[in-house]
Amino acid sequence: MSAPAIPSDPPADYLTDHTVKSWLLTGDHKRIGVLFLISVTIFFFVGGAAATLLRLELMTPKGDVLASADAFNRLFTMHGVVMIFFFLIPSIPAVLGNFLLPIMIGARDMAFPRLNLLSWYIYLIGGLLGIWILIFGGVDTGWTFYTPFSSMYSNTMVVTAAVSVFIVGFSSILTGLNIIVTTHTLRAPGMTWFRLPLFVWSHYATALIMVLGTPVLAISVVLVGLERIFRVGVFDPALGGDPILFQHLFWFYSHPAVYIMVLPAFAVVSEIIPCFARRPIFGYRFIAFSSIAIAIFSFLVWGHHMFVSGQSMYVGAIFSVLSFLVAIPSGIKVFNWTATLYKGSIRFDTPMLYALGFIGLFTIGGLTGLMLASLAIDVHVHDTYFIVAHFHYIMVGGSVMAFLGALHFWWPKITGRMYPEFWGKLSALLVFAGFNVTFLPQFLLGWLGMPRRYFEYRPEFQVLNVMSTAGASILAMGFLLPLVYFLLSLRQPRNAGSNPWGATGLEWQIESPPTSHNFHGPVLVTCEPYMYSPEEAEREYAHEQLVHHS
Amino acid sequence: MWDFPLFPEQATANAQKLDALMLFEVGILVFFTTLIFTLILVFCLRFRRGSKVDRSNAPTHSQALEVIWIAIPAILSAVMFIWSMQLFYELYDPPADAAEISVVGKQWMWYLQHPQGRSETNELHVPLGQAVKLNMTSQDVIHSFFIPAFRIKQDVLPGRYTSLWFQPTKVGKFDLFCAEYCGTNHSIMIGTVHVMEPADYEAWLAAKGVGPSQAEEGERLFVQHHCAGCHRGSQTVHAPRLEGVYGKPVPIQDGENIRFIQADDRYIRDSILEPRSEVVAGYEPLMPSYKDQISEQDLLKIIAYIKSLANQEPIQ
């Protein structure tokens, strides 16, 4: 790859203008990425606070920490809604996708900068409405809004919540649209499809799901609202509706949404592993196409959430087969990442620790997914803590680990500053260990039969619940640490340099932080991504050691 | 403090079969997790920066390897699917001699009615070794009937009948949970399944004195709601007789055509609540709807009564 040399007196970087107006009216994809970073971080800690209270409540079989079962039900609903719609879905694509994708393909900005800013404002409106609900009463349907409970029986702010989810969906659609159009139209000369970093391939697949799936979510929550307000009979059988229809509509979006959360994690890991193993990624094309395959399969497996819902046995069988198929592209990725370590020259900086942790946890999450695709097993563990553990392995062990890995990897690029490496490594270890202590016991709890969303539970489940809560306290420390040292690093002088990891990729050929227009002249791409050489890395290392010792 | 169990109790043959499949899949989980963790660990140690090993010609792709790690998961997935599908099919295939018990879920309790007439809430008494089929519906939101020791679960829906069957192989008390979130007191919508020796079960059934059976109760309701006035033969109203109808195909007028529908619980329920939706060929749509007038429990009794007429000679 080649980008024009950095001039000795570069123009101002994208952070230079400090006025509030310049931030709120910005069209710069990097600034919008930073705006999203600040907002999703706030929501992450709001959702995390809810999780903390839930885990404290569940330390004992009887309800004691929270005032009532209603408080507990509102809390787990808020935890789910905030974490999924306001944190996980926008986390990597809207923060790092926004910041990096145009730079990675040699573009000055996204294709539609104003739509990009609009996406953030829409997100903010939806998010503030979410906070409003949290303060003024809450909602107790679970993030899944199952009918007819949500449409006819719940006495909480369901319509407001539906409106909030409806609004935030448009933010997702606009971001997805921008990613698709940018990838198609703004690639620099020489940046062919097979020279794209895998980060871009994975985000492209994510964007397809965002644009095609999100409207169905909007339709389902609108119908819930219509039934609740005007008694239009869509889902409630008392009005002539069908409650299962809601589940079909909801999961038609919400299963692909799982891949909106995890495909960007694949994107991040595919960048970090070759960089710290100092070698080209293994099986580039297979990884690229497996992202597209996952995006396509994701639309064909929604019925595996409904094996015991009352859909027919044959429908269950078909969805089971299709769900097993997803194992294949997921397996391709895990095996190719692992093979990338072979004959590498591996360094263990913080982003690499997060990425390696991701592979391990995603493997466990994926394999337990096969158990859930196995019809008869799902009958037993459906709606128990087994499923709670499974999707946290994918969403926290997978997506959140990758998000943190990405923040550590690109923090020097975004801010121009390094963070303290020791504390970074410690946070990666705390998150990995704390995560497993929290969620491994939950697999067992579910297998033993403890249903999810239980305020009170049978005393024999207590030991495992106490373990889980203990793990959650370690996990919480792992999440708070980066918040502290990232913020403190902002008080340091800019010490990162343009390419602290010695990485390939266009984003590392420009200043840290980048200038407003990213590049100083036309970009010409002349080679494949990940042109690392492990042997050269070794020679450099030996030389460094020599200098160090003498 | 470390005395938590690793397996839930096994109280049906299904539970044993399922646990075998689960162990197989746990084996696969452990194998692949160990494989990936070991490979990562070995590569990370061997190829850490500074180690003196051969790094020349690091491969960037391999068709053969890709085929292997596509084929092996595909084959294992096929085994898992076929095995689990077989067990899943058995869950839909109750023995013909299964005793039928009616279940109505409502916020936040379970109501259960035995065919012999005795009913109970949040408790289910069943005899050891007898196959039991539950016919379930909900009066309000979606619930889910879950007995971990039997490894079975089925959502219970408003406006529809779903069913579940089991054959207990162990005497004892087993937990019954509502597994689908249903509002405020979801977590105390729980109960106990008592599996008893058949003699104890007979004694339990008779403990409250021998009352009318579920079908007899249904017949009383059949008269009380004036169903009998037309459906038992009437000079003024031309209505189909219900003897010998249950379980047989019924001709339905569908515009110009006639199609046949199996007269099952669903059909009888809809005929009572939505009588004009599926009218028997040759009859006028005269019957009024009983929507909101008969409770779910009573509907199940009336169905039990009509079911009890199944073996009588049809009357034209």
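Quick caveat, the model's predicted, so the values are computed rather than measured. (Residues numbered from 1 in each chain as written. Chains lettered and ligands numbered in written order. Predicted model: local features only at pLDDT ≥ 70, side-chain atom pairs only at ≥ 80, totals over all residues. Heavy atoms only, no water.)

Chemist: Help me understand the overall build of chain A, please; the structure alone is not making it clear to me.
Modeler: Each helix and strand counted, chain A has 16 helices and 0 strands in total. Against the 2.2 N^0.38 benchmark of 24 Å for 550 residues, chain A shows a C-alpha radius of gyration of 23 Å, consistent with a compact globule. Counting over 550 residues, chain A shows a buried share of 67%. Contacts in chain A between residues far apart in sequence, at least 24 positions, make up 83% of those at least 6 positions apart. Carbon and sulfur atoms form 71% of the exposed surface of chain A, whose accessible area is close to 17900 Å². For chain A, the distance from the average site of its 27 positive side-chain charges to the average site of its 27 negative ones is 4 Å. (Helix = DSSP H or I, 4+ residues; strand = E, 2+ residues; numbered from the N terminus. Rg over C-alpha atoms; globule rule 2.2 N^0.38 Å. Buried < 20%, exposed > 50% of the residue type's maximum accessible area, 1.4 Å probe, protein only. Contact = heavy atoms within 4.5 Å. Areas by Shrake-Rupley, 256 points an atom, 1.4 Å probe, with all protein chains shown as cover. Lys, Arg positive; Asp, Glu negative; His and termini not counted. Charge placed at Lys NZ, Arg CZ, Asp CG, Glu CD.)

Chemist: Can you walk me through the pattern of salt bridges in this structure?
Modeler: When the charged atoms of two side chains with opposite charge come close together, those side chains can pair. Residue and element names in this part refer to chain B. One pass over the full model with this rule turns up 24 salt bridges over all chains. The partner of Arg-232 in a salt bridge is Glu-219, and the shortest N-O contact between them spans 2.7 Å. Taken together, the residues span a long stretch of sequence, with Arg-232 in the loop between α5 (227-231) and β11 (249-254) and Glu-219 in helix α4 (residues 214-224) at a distance of 13 residues. Given the relative accessible area of 32%, Arg-232 is considered partly exposed. A salt bridge links Arg-241 to Glu-243, with the nearest nitrogen and oxygen atoms 3.4 Å apart. In this structure Glu-243 comes out as buried when scored by relative accessible area, which is 11%. A single salt-bridge network, built from bridges that share partners, covers Glu-217, Arg-220, Asp-298 and Lys-301. (Salt bridge = Lys/Arg side-chain N within 4 Å of Asp/Glu carboxyl O.)

Chemist: Honestly, the nonpolar core in this entry has me stumped. Any pointers?
Modeler: In a soluble, globular protein the nonpolar side chains are often hidden away together inside. Of all hydrophobic cores here, the largest spans 251 residues; its most connected members are Phe-85 and Trp-410 of chain A together with Phe-145 of chain B. Beyond its immediate chain neighbours, meaning those up to four positions away, Trp-410 of chain A contacts Leu-96, Leu-100, Met-104, Phe-199, Val-268, Glu-271, Glu-507 and Trp-508 of chain A. Core analysis: the next-biggest nonpolar cluster, separate from the first, contains 22 residues, Ile-268, Leu-273, Tyr-290 and Leu-299 of chain B among them. (Core = buried A, V, L, I, M, F, W, Y, C linked by side-chain atoms within 4.5 Å.)

Chemist: I keep staring at the sheet that holds strand β1 (residues 99-106) of chain B and nothing clicks. Help me out?
Modeler: Strand pairing within a sheet occurs via backbone hydrogen bonds; the two strands may be parallel or antiparallel. Residue and element names in this part refer to chain B. In space, the 5 strands of this open sheet follow the order β3-β2-β1-β5-β8, with mixed pairing throughout. Since the sheet does not close on itself, it has two edges, and those belong to β3 (119-121) and β8 (162-166), each with one partner. Averaged over neighbouring strand pairs, the angle between their axes works out to 25° when direction is ignored. As judged from the 7 bridges shared by β1 and strand β5 (residues 132-138), these two strands associate in the parallel manner. Opposite Val-103, over in β5, you have Met-136 as the bridge partner. (Pairing = 2+ DSSP bridges. Axes fitted to C-alpha atoms, helices over the stretch in contact; angles between N-to-C directions.)

Chemist: So what exactly am I meant to see when it comes to empty space enclosed by the protein here?
Modeler: Leftover empty space is mapped by rolling, across the atoms, a probe with the size of a water molecule. Tallied over the full model, the rule gives 7 cavities of 30 Å³ or more. Put simply, the largest cavity is a space of about 1000 Å³. In terms of lining residues, the largest cavity is bounded by 49 residues, among which Gly-365, Gly-366, Gly-369, Leu-370 and His-390 of chain A are the most central. Going through the elements one at a time, α8 (243-277), α10 (313-340), α11 (350-373) and α13 (385-415) of chain A together with α1 (13-46) and α2 (63-91) of chain B are the ones with two or more residues in the lining of the largest cavity. Top contributing element to the lining of the largest cavity by residue count: α11 of chain A, with 9 residues. Looking at the lining of the largest cavity residue by residue, the class counts come to 30 nonpolar, 14 polar and 5 charged. Taken together, 16 residues line the second largest cavity, and the ones lying closest to its centre are Ile-89, Pro-90, Val-168, Ser-171 and Ser-172 of chain A. The greatest single-element share of the lining of the second largest cavity, amounting to 6 residues, is contributed by helix α6 (residues 158-185) of chain A. (1 Å grid on protein atoms, 1.4 Å probe; cavity = no way out; pocket = protein on both sides within 12 Å on 5 of 7 lines; lining within 4 Å. Points joined across faces, edges and corners; volume = space filled by probe spheres on them. Nonpolar A, V, L, I, M, F, W, Y, C, P; charged D, E, K, R; others polar.)

Chemist: What's the story with the interface of chain A and chain B in this structure? I'm lost.
Modeler: Reports of interface size often rely on the accessible area that becomes lost once the parts have come together. In this complex, chain A contributes 94 residues to the contact, which on the side of chain B involves 87 residues. Taken together, both faces of the contact between chain A and chain B bury some 7900 Å²; the carbon and sulfur share is 70%. Linking chain A with chain B are 3 salt bridges, by the criterion used here. The partner of Lys-343 of chain A in a salt bridge is Asp-54 of chain B, with the nearest N and O atoms 3.6 Å apart. The tally of links from chain A across to chain B stands at 27 residue pairs in polar contact (both at pLDDT 80 or more). Ranked by residues supplied to the side of chain A that touches chain B, first place goes to α10 of chain A with 13 residues. Split into classes, the residues belonging to the side of chain A that touches chain B amount to 57 nonpolar, 22 polar and 15 charged. (Buried area = accessible area lost by both parts, 1.4 Å probe. Polar contact = N/O pair within 3.5 Å; in protein donor to acceptor, adjacent residues only side chain to side chain.)

Chemist: Please clarify how the domain arrangement of chain B should be interpreted in this entry.
Modeler: Residue and element names in this part refer to chain B. Its domain assignment divides chain B into domain 1 (99-206) and domain 2 (214-308). For domain 1 and domain 2, the distance between their C-alpha centroids amounts to 27 Å. Taken together, the contact between domain 1 and domain 2 spans 18 residues of the former and 11 residues of the latter. Taken together, the two surfaces of domain 1 and domain 2 that pack against each other cover about 1100 Å², and 53% of this comes from carbon and sulfur. One can count 1 salt bridge joining domain 1 with domain 2. Residue Glu-100 pairs with Lys-307 through a salt bridge whose shortest N-O separation is 2.8 Å. Taken together, the links from domain 1 to domain 2 amount to 4 residue pairs in polar contact (both at pLDDT 80 or more). Counting residues per element, the ones that place at least two in the side of domain 1 that touches domain 2 are β1, β2 (109-113) and β5. The biggest single contributor to the side of domain 1 that touches domain 2 is β1, with 5 residues. Residues of the side of domain 1 that touches domain 2, tallied by class, amount to 5 nonpolar, 10 polar and 3 charged. (Domains from an automatic or database assignment.)

Chemist: Just to check I follow, could you spell out the sheet that holds strand β9 (residues 172-178) of chain B for this structure?
Modeler: All names here are of chain B. Strand order in the open sheet formed by 5 strands is β4-β10-β9-β6-β7, and the pairing between neighbours is mixed. Lying at the two open borders of the sheet, with one neighbouring strand each, are β4 (123-127) and β7 (152-156). Recorded for the sheet is a direction-independent mean angle of 20° between the axes of neighbouring strands. Running over the sheet, helix α3 (residues 198-206) touches β4 and β10 (191-196) and is turned about 130° from β4.

Chemist: What is the right way to look at helix α4 (residues 113-135) of chain A in this model?
Modeler: Residues separated by three or four positions in an α-helix point in the same direction, a consequence of the helix having 3.6 residues per turn. Taking 1.5 Å of rise per residue, 23 residues should cover 33 Å, and α4 of chain A covers 33 Å from first to last C-alpha, within 8% of that figure. A positive backbone phi angle near 135° is found at Gly-137 of chain A, which sits one or two residues after α4 of chain A. (Expected span 1.5 Å × (residues − 1).)

Chemist: It is not clear to me how the environment of Val-42 of chain B should be interpreted in this structure. Could you clarify?
Modeler: Tracing the sequence through the fold places Val-42 of chain B in helix α1. Judged by relative accessible area, Val-42 of chain B falls into the partly exposed class, the value being 42%.

Chemist: Sorry if this is basic, but what is going on with the pairing of β8 of chain B here?
Modeler: In the case of a regular strand, side chains alternate between the two sheet surfaces. All names here are of chain B. Summarising burial for β8: 4 of the 5 residues are buried, a large majority. Across 5 bridges, the pairing between β5 and β8 is antiparallel. Bridged to Leu-134 within β8 is Leu-164.

Chemist: How do you make sense of the packing of helix α2 (residues 29-57) of chain A against helix α3 (residues 69-104) of chain A when you look at a structure like this?
Modeler: Relative placement of two packed helices is described by the angle separating their axes and the distance separating the axes. Residue and element names in this part refer to chain A. One can describe the packing of α2 onto α3 by two numbers: an axis separation of 8 Å at closest approach and a directional angle of 155°. By the angle between their axes, α2 is roughly antiparallel relative to α3. Read as a crossing pair, α2 and α3 show a hand that is left-handed. Residues of the contact of α2 with α3, tallied by class, amount to 24 nonpolar, 7 polar and 2 charged. (Parallel < 35°, antiparallel > 145°, perpendicular 65-115°, else oblique. Left-handed = near helix turned anticlockwise from the far one by under 90°.)

Chemist: I would appreciate a short explanation of a nonpolar patch on the surface in the present structure.
Modeler: A surface patch of nonpolar side chains, about 500 Å² in accessible area, is lined by Leu-480, Leu-483, Val-484, Leu-487, Leu-488 and Leu-490 of chain A. In this structure, Val-484 of chain A sits in helix α15 (residues 462-489). (Patch = residues over 30% accessible without salt bridge, like charges linked within 9 Å, V, L, I, M, F, W, Y side chains within 5 Å.)

Chemist: Explain the side chain of Asn-436 of chain A here, please?
Modeler: Tracing the sequence through the fold places Asn-436 of chain A in helix α14 (residues 421-448). Separated by 3.1 Å, the side chain of Asn-436 of chain A and the backbone oxygen of Phe-432 of chain A make a polar contact.

Chemist: Mind showing me how you'd approach unusual backbone geometry here?
Modeler: Trans peptide bonds make up the majority, and among non-glycine residues the majority have a negative phi. Of note, the bond from Thr-147 of chain A into Pro-148 of chain A is cis; its omega dihedral lies within 30 degrees of zero at -5°. Position of Pro-148 of chain A relative to the elements: it lies in the loop between α4 and α5 (149-153). Residue Pro-513 of chain A is reached from Ser-512 of chain A by a cis peptide bond, and omega for that bond is -10°. Structurally, the position occupied by Pro-513 of chain A is in the loop between α15 and α16 (534-549). With a phi close to 55°, Arg-278 of chain A is a non-glycine residue in the positive phi region. Its place among the elements puts Arg-278 of chain A in the loop between α8 and α9 (284-297). Since its relative accessible area comes to 11%, Arg-278 of chain A is described here as buried. A positive phi angle, close to 65°, is found at His-226 of chain B, a residue other than glycine. Along the chain, His-226 of chain B turns up in the loop between α4 and α5.

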